[in-house]
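Chains, contacts and geometry: an overview
Here's the letter readout for the chains.
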Amino acid sequence: MAVEAKIAELEGGIGAMCTSSGQAASLLSLLNILKYGDSFISTSQIYGGTVNLFAFTLKKMGIECIFVDAHASDEEILAAFKPDTKAVFGETLANPSLDVLDIERFAKIAHSKGVPLIIDNTFATPILCRPIEYGADIVIHSTSKYMDGHALQVGGVIVDSGNFDWTNGNFPDFTQPDESYHGISYTETYGKMAYILKARMQLMRDFGTYPSAHSAFLLNLGLETLAIRMKQYCENALKVAQYFKNSEKIESVTYPGLEGDSNYPLAQKYLKGASGVISVNIKGGKKNAIKFMDSLKLASNVVHVADIRTCVLHPASATHRQLTDEQLVAHKDKRFAYKVFCRA
Ligand SMILES: *Cc1c(COP(=O)(O)O)cnc(C)c1O
């Protein structure tokens with residue numbers, strides 16, 4: 001509870017609920033709003049595990065995810081809405097494409113349709129961006145990444161801004177009596193806290209996806225150094241990205257903090273730094289890329305991201321190997337991109 005209060009304050013929300021993983025946070029953030037037969041919109045620039053959850057597992061549960069490109073026009077995004085579309089989802093700084101979401105634009109679109117915007121703020125953390133200030137209604141995190149920062153625990157969190165009006169007619173589960181909880185109406189009983197308390201009272205009770213006390217303890221230790229770690233990750237990564245940009249052995253480098261990067265203007269608007277994650281394409285294809293990874297002295301070749309160690313990862317053969325070629329291409333053709341995660 002102390003950790004939840006701390007994260008709610010960091011994000012500028014009115015309440016938070018910790019979960020056993022980031023995956024659980026994504027799942028519960030949506031299940032708290034959607035039921036069988038509903039749909040929601042998500043940008044396609046999201047974490048591979050979330051793509052699977054949205055495109056396959058939720059589909060089997062009768063909930064449809066409509067994918068849109070994060071850079072699609074307002075008209076294209078509005079055209080993707082169906083009568084039963086109940087939420088919009090995106091990542092501030094996408095894992096692994098490093099696209100920066102125009103949060104204000106997506107919030108405006110979602111609100112024009114009377115539905116909330118949910119933002120996965122894992123890579124940015126509230127130190128670099130506070131999505132609620134740009135209109136996001138719900139913010140979620142995988143705390144397994146920067147927030148913990150030491151790869152010691154797996155966890156997630158859902159933060160409620162308290163700003164969304166659940167009584168607008170689109171969300172009867174918030175206003176009607178809940179048979180499973182003494183017939184209470186969440187909006188009548190809890191007002192602005194309706195979303196986060198409903199998540200705890202219904203979903204945490206039913207699914208049991210809560211963190212262990214020890215995980216919460218470890219997460220709290222990580223949070224105590226988050227602000228200084230983020231500053232250092234950003235400084236180090238910018239130097240490394242600039243080095244890559246000037247190297248003849250590199251085909252391309254993606255880092256939204258680099259001037260000239262296609263996401264640089266959005267990063268300037270939304271981020272106080274572009275985090276410690278850099279994506280590079282090495283000349284000479286896979287062979288040279290493997291040689292590059294094997295030659296590194298300080299970096300570890302591990303699947304984890306965003307902790308105090310410098311690590312490299314080949315998403316297409318590791319974290320994102322479940323995606324089809326088309327989906328990998330949708331991730332901005334970064335199939336052979338190698339990620340470098342800079343340490344603080
Ligand atoms: C890792 C990650 C997740 C999933 O989190 P887990 O804690 O591994 O379940 C969700 N979103 C993003 C952006 C991530 O990087």
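Refer to the structure printed above.
Worth saying up front: this structure is predicted, and the values here are computed from it rather than measured. (Residues numbered from 1 in each chain as written. Predicted model: local features only at pLDDT ≥ 70, side-chain atom pairs only at ≥ 80, totals over all residues. Heavy atoms only, no water.)

1. Quick word on the overall build of the chain
The secondary structure content of the chain amounts to 14 helices and 12 strands. With the principal axes as the frame, the chain shows a C-alpha extent of 65 × 45 × 35 Å. Counting only residues that meet the buried cut, the chain has 56% of its 344 residues in that class. Counting contacts in the chain only where the partners sit at least 6 residues apart, residues at least 24 apart contribute 71% of the total. About 14,700 Å² of surface is accessible on the chain, with carbon and sulfur atoms providing 55% of the total. (Helix = DSSP H or I, 4+ residues; strand = E, 2+ residues; numbered from the N terminus. Buried < 20%, exposed > 50% of the residue type's maximum accessible area, 1.4 Å probe, protein only. Contact = heavy atoms within 4.5 Å. Areas by Shrake-Rupley, 256 points an atom, 1.4 Å probe, with all protein chains shown as cover.)

2. Structural notes on unusual backbone geometry
A cis amide bond links N95 to the next residue, P96, at an omega of 10 degrees. If you trace the backbone, P96 turns up in the loop between β4 (85–91) and α5 (103–112). Not every positive phi belongs to a glycine, and A151 is a case in point at roughly 55 degrees. Position of A151 among the secondary structure elements: in the loop between β6 (138–142) and β7 (156–160). Located in the positive-phi region is S275, a residue other than glycine, with phi close to 75 degrees. Examined against the element boundaries, S275 turns out to sit in the loop between α12 (264–270) and β9 (277–282). Residue classification places S275 among the buried positions, given a relative accessible area of 0%.

3. Quick notes on the sheet that holds β6
Hydrogen bonds between backbone groups are what pair the strands of a sheet, and the pairing can be parallel or antiparallel. The strand order across the open sheet formed by 7 strands is β1-β7-β6-β5-β4-β2-β3, and the pairing between neighbours is mixed. The sheet is open, and its two borders are formed by β1 (15–19) and β3 (64–68), each paired with just one other strand. Here the average twist between neighbouring strands, direction ignored, is 20 degrees. Sheet strands touched by helix α1 (residues 2–11): β1, β6 and β7. Its angle to β1, the strand with the most contacts, is close to 125 degrees. (Pairing = 2+ DSSP bridges. Axes fitted to C-alpha atoms, helices over the stretch in contact; angles between N-to-C directions.)

4. Quick notes on the packing of helix α2 (residues 22–31) against helix α3 (residues 48–60)
Close contact between α2 and α3 brings their axes to 10 Å; oriented N to C, the two are set at 45 degrees. Judged by the angle between their axes, α2 and α3 are oblique. In this structure, α2 crosses over α3, and the sense of that crossing is right-handed. Here α2 contributes Q23, S26, L27, L30 and L31 to the contact with α3, which in turn contributes G49, T50, L53, F54 and L58. Here the residues of the contact of α2 with α3 are counted per class, giving 6 nonpolar, 4 polar and no charged. (Parallel < 35°, antiparallel > 145°, perpendicular 65-115°, else oblique. Left-handed = near helix turned anticlockwise from the far one by under 90°. Nonpolar A, V, L, I, M, F, W, Y, C, P; charged D, E, K, R; others polar.)

5. What to know about the pattern of salt bridges
A full pass over the atoms with the stated rule returns 11 salt bridges. Between D74 and R105 there is a salt bridge whose closest N-O contact spans 2.6 Å. Taken together, the residues span a long stretch of sequence, with D74 in helix α4 (residues 74–80) and R105 in helix α5 at a distance of 31 residues. Relative accessible area serves as the criterion here: at 29%, D74 is assigned to the partly exposed category. A salt bridge links R205 to D206, with the nearest nitrogen and oxygen atoms 2.7 Å apart. (Salt bridge = Lys/Arg side-chain N within 4 Å of Asp/Glu carboxyl O.)

6. As for the site of the ligand
Taken together, 14 residues lie around the ligand, and G22, D120, S142, S144 and K145 are the ones closest in. Within the backbone of G22, one N or O atom sits 2.8 Å away from an oxygen atom of the ligand. Separating an oxygen atom of the ligand from a side-chain N or O atom of S142 is a distance of 2.8 Å. Contact with the protein chains covers 91% of the free accessible surface of the ligand, which is 380 Å². (Near = heavy atom within 4 Å. Polar contact = N/O pair within 3.5 Å; in protein donor to acceptor, adjacent residues only side chain to side chain.)

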